Amino acid sequence: MKSRQELQAYEQRSLVMTLSLADLPGAGWSAVGEKSWRIGATFPRDKDEAVRRAHHVGLYTGARFFKKGGLELGFSSQVAEYTSTEDAASRVRTLPAQTLKSHGRTVITQRIFEDEEVPGVAHSIVFEQFSAGMDGSGFGQYAGGCESNVLFVVACTTIEYGLREEPGSRWPWSELLALAALQSDKVRRLQNESVN
């Protein structure tokens with residue numbers, strides 16, 4: 001069993017690896033919040049072997065949330081550390097199924113862009129989802145992948161409160177992919193620093 005200090009160190013590391021306000025390009029960004037949770041603790045039925053190993057070690061997922069002035073869109077950066085590169089890579093294709101679980105939303109349509117990838121990332125996925133919930137319709141654009149043993153995803157989301165149609169607002173895909181590449185670079189840089 002890991003000590004409280006070791007678990008806190010894993011939790012803090014997950015947050016440090018996510019994009020921060022200082023990492024984001026251009027002006028107009030503001031931080032909305034952050035959270036972290038132990039892998040495998042929130043959805044116990046979803047414990048495949050990679051999740052079980054990460055949970056047993058005490059690894060965490062960290063997420064930070066932002067908004068950009070002038071856009072009715074939310075942006076988030078999320079990372080999850082796994083016990084091996086193979087375990088992280090095995091979780092890349094599960095990202096579409098995981099994104100809305102904690103929001104109580106139902107996916108209406110989903111599109112995975114097989115011809116798109118995060119620049120410089122061997123195992124990546126780019127997708128969008130139109131969803132519905134009690135609060136209205138939602139649209140999300142996602143780009144994720146893994147860098148060594150760290151799974152990451154960046155997302156741009158919008159909710160049209162009270163509506164059932166697909167929202168018209170879109171984040172430019174080129175910008176979202178550039179932000180995903182920034183997230184991958186940050187993970188890689190921090191991993192290299194910890195090794196040296």
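Residues numbered from 1 in each chain as written. Predicted model: local features only at pLDDT ≥ 70, side-chain atom pairs only at ≥ 80, totals over all residues. Heavy atoms only, no water.

(A) The arrangement of helix α3 (residues 85-92) in detail. Among all positions of α3, only Asp87, Ala88, Arg91 and Val92 are buried. Axial view of α3: buried residues confined to an arc of 150 degrees, hence all on one face. (Buried < 20%, exposed > 50% of the residue type's maximum accessible area, 1.4 Å probe, protein only. Helix = DSSP H or I, 4+ residues; strand = E, 2+ residues; numbered from the N terminus. Arc of directions from axis to C-beta.)

(B) Region of interest: the pattern of salt bridges. Summed over the entire model, instances satisfying the criterion amount to 11 salt bridges. For Arg64, the salt bridge identified is with Glu34, shortest N-O distance 3.1 Å. Of the two residues, Arg64 sits in strand β2 (residues 60-68) while Glu34 sits in strand β1 (residues 29-38), which places them 30 residues apart along the sequence. By relative accessible area, which is 48% here, Glu34 ends up partly exposed. With a shortest N-O distance of 3.2 Å, Glu114 and Arg93 are connected by a salt bridge. Remark: Arg93 occurs in the loop between α3 and α4 (95-98) and Glu114 occurs in the loop between β4 (106-112) and β5 (123-133); sequence separation between them is 21 residues. (Salt bridge = Lys/Arg side-chain N within 4 Å of Asp/Glu carboxyl O.)

(C) The nonpolar core, seen in detail. Core analysis: the largest hydrophobic core is formed by 23 residues, its most contacted members being Leu24, Trp29, Phe75, Ala143, Val154 and Trp171. Those elements that provide at least two residues to this core are β3 (74-81), β7 (150-161) and α5 (173-195). Among the elements that make up this core, the one with the highest residue count is α5 (five residues). Residue contacts for Leu24: discarding those within four places in its chain leaves Leu19, Trp29, Phe66, Phe75 and Leu179. In this structure, Val51, Leu95, Tyr142 and Leu151 belong to the second largest nonpolar core, which totals 20 residues. (Core = buried A, V, L, I, M, F, W, Y, C linked by side-chain atoms within 4.5 Å. Contact = heavy atoms within 4.5 Å.)

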